[in-house]
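Now for the letters of each chain:
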Amino acid sequence: MKTNSKNKASQHVSQNPLSRRGLEEASISIQNINKSYGPVQALQNISLEINRGELFGLIGPDGAGKSTLMRILMTLLFQDSGTATMNGLDVVKDYKKIRKIVGYMPGRFSLYQDLTVEENLNFFATVFNTSITENYDLIKDIYIQIEPFKSRLAGKLSGGMKQKLALSCALIHKPEILVLDEPTTGVDAVSRKEFWEMLKKLQEKGITILVSTPYMDEAMLCTRVALMQKGKVLDVNTPQKLVENYDRKLYAIRSDDMHRLIQDLRSWEKTDTAYAFGQFLHVTGKADETEACEFENYLLKKEHRELQVFDIPPTIEDVFMNMMNE
Amino acid sequence: MIIIFGLPIVQLLLFGKVINNDLQNSKIAILDQSHDNTTREITTKLLSSGYFVLEEELRPGTDMEGVFRKGKVKMVIDFEQNFEQNLERLGKAHVQLLADASDPNTARILTNYASGIINDYVNKEKLQNLTLPHQINTEVRMLYNEGLKSVYMFVPGIMAMILMLISAMMTSISISREKEMGTMEVLLASPLKPIQIVLGKVTPYLLLSFINAVTIILIGTLIFGVPIKGSIAFLVAESFLFILMALSLGILISTIAPNQMVAMFVSVLALMLPTILLSGFMFPIENMPMPLQILSNIMPPRWFIVIIKNIMLKGTGMLYVWKETLILIVMTFVFIGLSVKNFKIRLE
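Residues numbered from 1 in each chain as written. Chains lettered and ligands numbered in written order. Predicted model: local features only at pLDDT ≥ 70, side-chain atom pairs only at ≥ 80, totals over all residues. Heavy atoms only, no water.

Asker: I tried to follow the overall build of chain B on my own but got confused; where do I start?
Answerer: Within chain B, the secondary structure is distributed over 13 helices and five strands. Along the three orthogonal principal directions, the C-alpha set of chain B runs to about 90 × 45 × 35 Å. Residues classed as buried in chain B amount to 49% of the 348 residues present. Each charge sign in chain B was given a centre, from 28 positive and 26 negative side chains, and these centres are 8 Å apart. (Helix = DSSP H or I, 4+ residues; strand = E, 2+ residues; numbered from the N terminus. Buried < 20%, exposed > 50% of the residue type's maximum accessible area, 1.4 Å probe, protein only. Lys, Arg positive; Asp, Glu negative; His and termini not counted. Charge placed at Lys NZ, Arg CZ, Asp CG, Glu CD.)

This is how it looks when you write it as structure tokens:
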């Protein structure tokens, strides 16, 4: 009887947003989730609302708690406190139902390495009580790329191919929500780009996608992102807004001796932060009034040659670095 | 670390204590058809030697086979009628030693001890009173294994060991492998029920082990000439039960072990060594120190070996092995119950 009433309650929650389809409606709702492993607080009071049909990114370095949060949502871990729902289904009580409507790609390659591409796909289709043909439309674009290798063992595929296969397997049962844990880690740049194009297409088909990544450039491709660090959400917004909200002056600086340059800048009392970004250092001053010429004069005194100092618009990575320090 | 330093100590102690071919307190039955002073004195001698314990005094006409089938009595000593008279007047008396040779080593040692004690008695005590040369003929009969072939002992033992190894170890390793490879995470996140996951992993090993069991029985009978006196169907059924038991034990191990390494160690430590040492397959349980004897009671192969020996060598039916069968059934249910309780539908 108890479960019955709970089911009704959850149906009620899910029906309500369904009637307002197309509007802002929560697909994944996370409230005050806490989780600790022994003395380590993996998640501290996380609250997030992810809308239906969003491509939502969890951005943060290793150990930020991204995987833990995803596993809680995937009903694979218990939270210590707080609640979370997936399409209105509670992750603790309704775990059986959630497992039917969600596609999951763990951070580690988790297919059977000693089965071929086709066998893996068939296996997961059977596990979800469906067949490849039934939902072929959904995976067609992705599967076509790996089809030439369909009789190859999954363990022998390249990194990018593996992830495409894993995505196909996660999609085989036409999930309403897709949860991808660092799908592009260890994948070459071209495959990463292709992978994100696929995610965009899936998003257009109305699937809610929650994806985590340590790569800042991928954050720009999400509808909204949550910046995470050490178990906390630093900010949630569209990537464009996050960048716009960055109100500090940022300079790109380079010279012939980058190693000495970063040491000199970091030891100067007027410098706030200095990070290496490719060929340049991205530098902020303690006071925003610190002018480019001040840096230039200081560095010339330190006998840096081929010096370049200029203003640069911030990237999402600068935003993140800035938030981490606050 | 515990394994590296603890294992040698445990093994040394186990081997030292267990590998002990001296027999103590073996259960025997005596059929005294004469009931005279000499037989009584011989009986007292035997029982006071420390090697034998009197389990039963038989009456003439008792079904000897029945005594052995019960499995407790290892040897019967049969004194002929008018033992003392024959010895004194004819200078010759007969005593028959019947031993249960389904464990050939034990049988050989028991009969040697017994005839040694009897002859010693005659030479030392009787010779002082009598002048004539005296002789006691000890006739030794080995039941169930006339030729004292050790293969009779090894076939059931090997069968128990292989089935235990294949079923329990392979299952536990294959399930913990899923955990290690991360595939378990995907399976758990799918709508599959735990029972489906476990059955999927176990069924192939059930078949494999079964083929193994049949092969061992065939090789045992065809090449080594081990008889199957009992019903083959019953033998197969009991093997099946044992395989099920081993599989459920394997599942239990896999629910505890986080990875293949641990599953492997637990299987070897908890299954292989005890099967070899404590099941009575190589070393008679009666010889072990008390704590190990008690420990051997929870070793499933111990009961299985008793069952197969009974069926193959003695040709007994359910009537004589129901207790052992019941123990295996109970063990199976306990293991399954614990596994269900331990199986995690989540990652923690």
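Asker: I keep staring at the sheet that holds strand E2 (residues 40–51) of chain A and nothing clicks. Help me out?
Answerer: Sheets are built from strands that pair by backbone hydrogen bonding, the pairs being arranged parallel or antiparallel. All names here are of chain A. Across the sheet, which stays open at both edges, the four strands sit in the order E2-E1-E4-E5 with antiparallel pairing between neighbours. Each edge of the open sheet is held by one strand with a lone partner, namely E2 and strand E5 (89–90). Summarising the sheet, strand E4 (residues 81–86) and E5 pair through two bridges and their orientation is antiparallel. When the sheet's bridge partners are listed, Met 86 is paired in E5 with Leu 89. This element, helix H2 (residues 66–73), spans strand E1 (26–37), E2 and E4 of the sheet and lies at about 120° to E1. (Pairing = 2+ DSSP bridges. Contact = heavy atoms within 4.5 Å. Axes fitted to C-alpha atoms, helices over the stretch in contact; angles between N-to-C directions.)

Asker: Would you take a moment to explain the domain arrangement of chain A for this structure?
Answerer: How big an interface is tends to be reported as the loss of accessible area on association of its parts. All names here are of chain A. Per the domain assignment, the segments making up chain A are domain 1 (5–244) and domain 2 (251–325). With 14 residues of domain 1 at the contact, the number on the domain 2 side is eight residues. Regarding the contact of domain 1 and domain 2, the summed buried area is about 930 Å², with carbon and sulfur atoms giving 85% of it. Sorting the residues of domain 1 by area buried against domain 2 places Met 216, Leu 227 and Val 243 first, and these three jointly supply 52% of that buried surface. At the junction of domain 1 with domain 2, the criterion picks out zero salt bridges. Our enumeration of links across domain 1 and domain 2 arrives at zero residue pairs in polar contact (both at pLDDT 80 or more). Breaking the side of domain 1 that touches domain 2 down by element, the ones donating at least two residues are helix H8 (216–219), strand E9 (224–229), strand E10 (232–237) and helix H9 (239–244). Looking at the side of domain 1 that touches domain 2 residue by residue, the classes come out as 11 nonpolar, two polar and one charged. (Domains from an automatic or database assignment. Buried area = accessible area lost by both parts, 1.4 Å probe. Salt bridge = Lys/Arg side-chain N within 4 Å of Asp/Glu carboxyl O. Polar contact = N/O pair within 3.5 Å; in protein donor to acceptor, adjacent residues only side chain to side chain. Nonpolar A, V, L, I, M, F, W, Y, C, P; charged D, E, K, R; others polar.)

Asker: Explain a nonpolar patch on the surface here, please?
Answerer: A contiguous nonpolar surface patch, about 590 Å² in accessible area, is contributed by B:Val214, B:Leu218, B:Ile219, B:Leu222, B:Ile223 and B:Phe224. Here B:Leu222 shows up in helix H8 (residues 194–222). (Patch = residues over 30% accessible without salt bridge, like charges linked within 9 Å, V, L, I, M, F, W, Y side chains within 5 Å. Areas by Shrake-Rupley, 256 points an atom, 1.4 Å probe, with all protein chains shown as cover.)

Asker: So what exactly am I meant to see when it comes to H2(A) here?
Answerer: Think of an α-helix as 3.6 residues a turn; residues three or four steps apart then line up on the same face. Residues and elements named next belong to chain A. By the criterion of burial, H2 is predominantly enclosed, with six of the eight residues buried. Within H2, the full set of buried residues consists of Lys 66, Thr 68, Leu 69, Met 70, Ile 72 and Leu 73. Trailing H2 by a residue or two, Thr 75 shows a phi angle of about 60°, which is positive.

Asker: Looking at this structure, I do not really get the packing of aromatic side chains. What am I missing?
Answerer: Between two aromatic rings, the relevant description is the distance of the centres plus the angle of the planes. Scanning the entire structure with this criterion turns up 13 aromatic pairs over all chains. Residues A:Phe280 and A:Phe310 carry aromatic rings whose centres are separated by 5.4 Å and whose planes lie at 75° to one another, so their mutual orientation is edge-to-face. Remark: A:Phe310 occurs in strand E14 (residues 308–311) and A:Phe280 occurs in strand E13 (residues 280–285); sequence separation between them is 30 residues. A:Phe310 gets classed as partly exposed once you look at its relative accessible area, which sits at 32%. Centroid distance B:Phe79 to B:Phe83: 5.3 Å. Interplanar angle 80°. Geometry classified as edge-to-face. (Phe/Tyr/Trp six-rings, centres within 6.5 Å; stacked < 30°, edge-to-face > 60°.)

Asker: Looking at this structure, how should I read the packing of helix H6 (residues 159–171) of chain A against helix H7 (residues 189–204) of chain A?
Answerer: When two helices pack together, their arrangement is given by the angle between their axes and by how far apart the axes lie. Residue and element names in this part refer to chain A. Two elements in contact, H6 and H7, have axes separated by 10 Å at closest approach and are oriented at 15°. Between H6 and H7, the angle is such that the two are roughly parallel. The two elements H6 and H7 meet at a crossing, and its hand is right-handed. Contacts between H6 and H7 involve Gly 160, Gln 163, Lys 164, Leu 167 and Leu 171 on the former and, on the latter, Ser 191, Glu 194, Phe 195, Met 198, Leu 199 and Leu 202. Of the residues contributing to the contact of H6 with H7, the split by class is six nonpolar, three polar and two charged. (Parallel < 35°, antiparallel > 145°, perpendicular 65-115°, else oblique. Left-handed = near helix turned anticlockwise from the far one by under 90°.)

Asker: Would you take a moment to explain the side chain of A:Gln203 for this structure?
Answerer: Residues and elements named next belong to chain A. In this structure, Gln 203 sits in helix H7. With a relative accessible area of 15%, Gln 203 lands in the buried category. Among the polar contacts made by the side chain of Gln 203, one reaches the side chain of Thr 223 at a distance of 3.3 Å. Once residues lying within four places of it in the same chain are set aside, the contact partners of Gln 203 are Gly 53, Glu 54, Leu 55, Ile 209 and Thr 223.

Asker: Looking at this structure, how should I read a positive patch on the surface?
Answerer: On the surface, a cluster of positive charge is made up of A:Lys96, A:Lys97, A:Lys100 and B:Lys193. By the secondary structure assignment, A:Lys100 is in helix H3 (residues 95–101).

Asker: Looking at this model, I keep getting lost on the interface of chain B and chain A. Mind explaining?
Answerer: The interface of chain B with chain A comprises 19 residues on the first partner and 25 residues on the second. Between chain B and chain A the total buried area reaches about 2000 Å² when both faces are included, carbon and sulfur atoms providing 58% of it. Taken together, the links from chain B to chain A amount to two salt bridges. In this structure, B:Arg177 engages A:Asp114 in a salt bridge whose closest nitrogen and oxygen atoms are separated by 3.3 Å. The tally of links between chain B and chain A comes to seven residue pairs in polar contact (both at pLDDT 80 or more). Every element with two or more residues in the side of chain B that touches chain A is listed here: helix H6 (151–181) and helix H7 (183–188) of chain B.

Asker: I keep staring at the confidence of the model for chain A and nothing clicks. Help me out?
Answerer: The predicted coordinates should not be examined in detail at positions where pLDDT is low. Model confidence for chain A is summarised by a mean pLDDT of 85, while 92% of its residues fall at 70 or above. Predicted confidence for residues 1–24 of chain A stays below pLDDT 50, and this span has 13 contacts to residues more than four positions away or in other chains. (pLDDT = per-residue confidence, 0-100.)

Asker: Explanation requested: the pairing of strand E11 (residues 251–254) of chain A in the structure shown.
Answerer: Where a strand is regular, its side chains alternate between the two sheet faces. All names here are of chain A. Pairing analysis gives three bridges linking E11 to E13, with the strands arranged antiparallel. What sits directly across from Ile 253, in E13, is Leu 281. Both E11 and E14 contribute to a ladder of four bridges, which runs antiparallel. Residue pairing for E14: Tyr 251 is matched across the bridge by Asp 311.

Asker: Any chance you could explain the confidence of the model for chain B here in plain terms?
Answerer: All names here are of chain B. Chain-level statistics for chain B give a pLDDT mean of 83 and a share of 95% at 70 or above. Within chain B, helix H1 (residues 2–18) has the poorest average pLDDT of any element, 73, and helix H9 (residues 232–256) the best, 90. Model confidence for the complex is summarised by a pTM of 0.75, with the ipTM given as 0.77.

Asker: Just checking my understanding: could you explain the environment of B:Phe343 for this structure?
Answerer: Residues and elements named next belong to chain B. Tracing the chain through its elements places Phe 343 in the segment after helix H13 (318–342). Counting along the chain gives 17 residues from Phe 343 to Leu 326, while the straight-line C-alpha distance between them is 25 Å. If near-sequence neighbours (up to four positions away) are discounted, Phe 343 is found in contact with Met 184, Leu 188, Pro 194, Val 198 and Thr 255.

Asker: What's the story with the domain arrangement of chain B in this structure? I'm lost.
Answerer: Residues and elements named next belong to chain B. Parsing chain B into structural domains produces domain 1 (21–143) and domain 2 (151–347). Taken over C-alpha atoms, the centre of domain 1 sits 39 Å from the centre of domain 2. Taken residue by residue, the interface counts 15 residues in domain 1 and 10 residues in domain 2. On the domain 1 side of the interface with domain 2, the three residues burying the most area are Arg 69, Ser 102 and Asp 103, jointly 45% of the side's total. At the junction of domain 1 with domain 2, the criterion picks out one salt bridge. The salt bridge partner of Asp 100 is Lys 314, with a shortest N-O separation of 2.9 Å. Where domain 1 touches domain 2, the interface holds two residue pairs in polar contact (both at pLDDT 80 or more). At the level of elements, helix H3 (64–69) and helix H5 (104–129) are the ones that each hand at least two residues to the side of domain 1 that touches domain 2. Of the residues forming the side of domain 1 that touches domain 2, the biggest block, three residues, is contributed by H5. Residue classes in the side of domain 1 that touches domain 2 are distributed as three nonpolar, six polar and six charged.

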